[in-house]
Amino acid sequence: MQSSTIGNSLIKASVLGFGCMSLPEDYKEAERILHAAVDGGITYFDTADLYQFGRNEENVGRGLTPYRNSVTIATKGGNDWSSDQTTWSWNPSKSYLIEACKQSLKRLNTDSIDVYQLHGGTIDDPFDETREALELLKRDGLIQAYGTSSIRPNVINKWAPVTGVVSNMMQYSILDRRPEELSAFLQEHSVSIIARGPLAKGLLTERFTRKLTDEGYLSYSGSELRDTLHDLQAYASDWGMTLNSLALRYVLADPACDVVIPGASSVEQVQETILAAEAGPLSDQQLKDIRSLTKAEHYENHRV
């Protein structure tokens, strides 16, 4: 498994990471999946305090305890559950973030979180206060580095130039190429893209016909999506690749993208994804061909 460095930090990670949101709540099954990922060479694991009311962090922390010195754990904070756990609100205050991080540390069963990410954000957040909280957490060794998790251009433009920011997690796939408009900017500031959703909820896999609906995907109508996926699958087949492999390798070809984090809810899915990511890089011509088959969209909201 190839590795990369997250932003301007010293943190190393496998280029194929693991998005833990879809892990089963049952610990034994979650443990099997996590261990299969580690056995396959994955060293980057992303979770959040929001997932399963913290249960996801608990399972990740417990399952990765035997490997803690050889894996990178990233989590996210800033969303405050209501007392009845029916809704949550965004809370980037200094006091809340520090306490939320400490609770994540307990659930993850670790002394320090490798990458702590703001799980959202708006342009109206108390920027200086939020940054101070992150810097204090880093100073005290509770986190090793921090980043953001946002698809809002105005939030990304605000945080990326900050010296301490090492990454931004964002949805990125062949079917959602919007991050490409920010790629050069992020690379200029040594901020790694951590790409979630590279398989577009299973649409960019060999079993995509099971996922197709008349609703389409983003700006793709149902018919456009169907035609595009068939074209991509045929193109991948012409080059001796699976659609999964084409999808993962396309996102990793972005010079700003250092880790892709597809999820998995079974050991078989983990193993399939590892095989798909093991092939070498796509050629410039292949990238050009793929772009000709898909839409180059741009973010329409939250630009200023």
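Our structure is the block above this text.
Conventions used here
Think of each chain on its own: its residues are numbered from 1, step by step along the sequence as written. Predicted model: local features are reported for residues with pLDDT of at least 70 only, side-chain atom pairs are reported and counted for 80 or more only, and whole-chain, interface and lining totals are derived from all residues. To get the side-chain values, all heavy atoms of the structure are used, and hydrogens and water are removed first. Strands are labelled as partners when DSSP assigns at least two bridges between them. Only DSSP runs of H or I with at least four residues qualify as helices, and only runs of E with at least two residues qualify as strands; both kinds are numbered from the N terminus onward. The criterion is simple. A nonpolar core is a set of buried Ala, Val, Leu, Ile, Met, Phe, Trp, Tyr and Cys residues joined through side-chain atoms within 4.5 Å. Buried means the residue's accessible area, taken with a 1.4 Å probe over protein chains only, is under 20% of the maximum for its type, while exposed means over 50%, and partly exposed covers the values in between. By the convention used here, residues are in contact when the closest approach between their heavy atoms is within 4.5 Å. Site definitions follow a grid-based scheme: protein atoms alone, a 1 Å grid, a 1.4 Å probe that fits but cannot get out for cavities, and for pockets an open set with protein on both sides within 12 Å along at least five of seven lines, plus lining residues having an atom within 4 Å of a point. Grid points are joined across faces, edges and corners, and a volume is the space filled by probe spheres set on the points. Under this grouping Gly is polar, as are all residues other than the nonpolar Ala, Val, Leu, Ile, Met, Phe, Trp, Tyr, Cys and Pro and the charged Asp, Glu, Lys and Arg. Polar contact criterion, stated in full: a pair of N or O atoms within 3.5 Å, where within protein one must be able to donate a hydrogen and the other to accept it, and residues adjacent in sequence count only if both atoms are side-chain atoms. By definition, the crossover connecting two strands over a helix is right-handed if that path, from the first strand to the second, turns clockwise as seen with the strands pointing away from the viewer.

1. Remarks on the sheet that holds strand β9 (residues 143–149)
- Here eight strands make up an open sheet; going across it, the order is β3-β4-β5-β8-β9-β10-β11-β12 and the pairing parallel. Edge positions in the open sheet fall to β3 (18–19) and β12 (257–261), since each of these has one partner strand only.
- The pairing of β9 with strand β10 (residues 165–171) spans three bridges and is parallel. Its bridge partner lying in β10, Ser-149 is registered against Met-169.

2. So, the nonpolar core
- Phe-18, Phe-45, Leu-175, Leu-204 and Leu-246 are the most contacted members of the largest nonpolar core, which totals 82 residues.
- Ranked by residues supplied to this core, first place goes to helix α3 (residues 94–108) with seven residues.
- If near-sequence neighbours (up to four positions away) are discounted, Phe-18 is found in contact with Leu-23, Ile-33, Ala-37, Ile-42, Tyr-44, Phe-45, Asp-46, Ile-261, Pro-262, Ala-264 and Val-270.
- Membership of the second largest hydrophobic core comes to 12 residues, among which are Tyr-44, Val-115, Met-169 and Val-259.

3. As for empty space enclosed by the protein
- The full count for this structure, using the stated rule, is one cavity of 30 Å³ or more.
- If you go around the largest cavity, the residues you meet are Leu-16, Gly-17, Phe-18, Ile-42, Pro-262, Gly-263, Ala-264, Val-270, Thr-273 and Ile-274.
- Ranked by the residues each element gives to the lining of the largest cavity, the list is headed by helix α9 (residues 267–277), at three residues.
- A breakdown of the residues in the lining of the largest cavity according to their chemical character gives seven nonpolar, three polar and no charged.

4. Thoughts on the side chain of Asp-114
- With respect to the secondary-structure elements, Asp-114 resides in strand β8 (residues 113–119).
- Judged by relative accessible area, which is 13%, Asp-114 ranks as buried.
- Looking at Asp-114, its side chain comes within polar contact range of the main-chain nitrogen of Ile-73, at 2.7 Å.
- With sequence-adjacent residues up to four places away left out, Asp-114 is seen in contact with Ile-11, Arg-68, Val-71, Thr-72, Ile-73, Gln-144 and Ala-145.

5. Some remarks on the pairing of strand β5 (residues 72–77)
- Of all six residues making up β5, six are buried, and the element is well covered by its neighbours.
- Neither face of β5 is left uncovered, since the one carrying Thr-72, Ala-74 and Lys-76 and the one carrying Ile-73, Thr-75 and Gly-77 both have all their residues buried.
- Bridge analysis of strand β4 (residues 44–46) against β5 gives three bridges, and the strand direction is parallel. The partner of Tyr-44 across the bridge, within β5, is Thr-72.
- By the bridge criterion, four bridges tie β5 to β8 in an arrangement that is parallel. Residue Lys-76 lies in a different strand from β8, and its bridge partner there is Gln-117.

6. Remarks on the environment of Arg-207
- Relative to the assigned elements, Arg-207 resides in the loop between β11 (192–196) and α7 (222–238).
- Taking the C-alpha atoms as reference, Arg-207 lies 30 Å from Ser-192; in sequence the two are 15 residues apart.
- Of note is the side chain of Arg-207, whose polar atom sits 3.0 Å from the side chain of Glu-272.

7. Here's the deal with the layout of surface pockets
- Considered as a void within the structure, the largest pocket measures approximately 1,200 Å³ in volume.
- Along the wall of the largest pocket there are 44 residues; nearest its centre are Met-21, Arg-196, Gly-197, Lys-201 and Gly-263.
- Mapped by element, the contributors of at least two residues to the lining of the largest pocket are β7 (88–90), β10 and α9.

8. What to know about the pairing of β9
- Here β9 lies mainly inside the structure; six of its seven residues are buried.
- Pairing of β8 with β9 involves six bridges; the strand directions are parallel. Bridging across to β9, His-119 finds its partner in Ser-149.
- Since β8 and β9 lie parallel, the crossover through helix α4 (residues 127–139) that links them has a hand, and here it is right-handed.

9. Remarks on the environment of Gly-41
- Relative to the helices and strands, Gly-41 is located in the loop between α1 (27–39) and β4.
- In sequence terms Gly-41 and Val-15 are 26 residues apart; their C-alpha atoms lie 9.8 Å from each other.
- Discounting chain neighbours no more than four positions away, the residues touching Gly-41 are Met-1 and Ser-14.

10. Notes on unusual backbone geometry
- For Ser-190, which is not glycine, the phi torsion reads 55 degrees and is therefore positive.
- Counting through the fold element by element, Ser-190 comes out in the loop between α6 (180–188) and β11.
- According to the relative accessible area criterion, Ser-190 is partly exposed, its value standing at 35%.
- Not every positive phi belongs to a glycine, and Lys-201 is a case in point at roughly 55 degrees.
- As for its position among the elements, Lys-201 is in the loop between β11 and α7.

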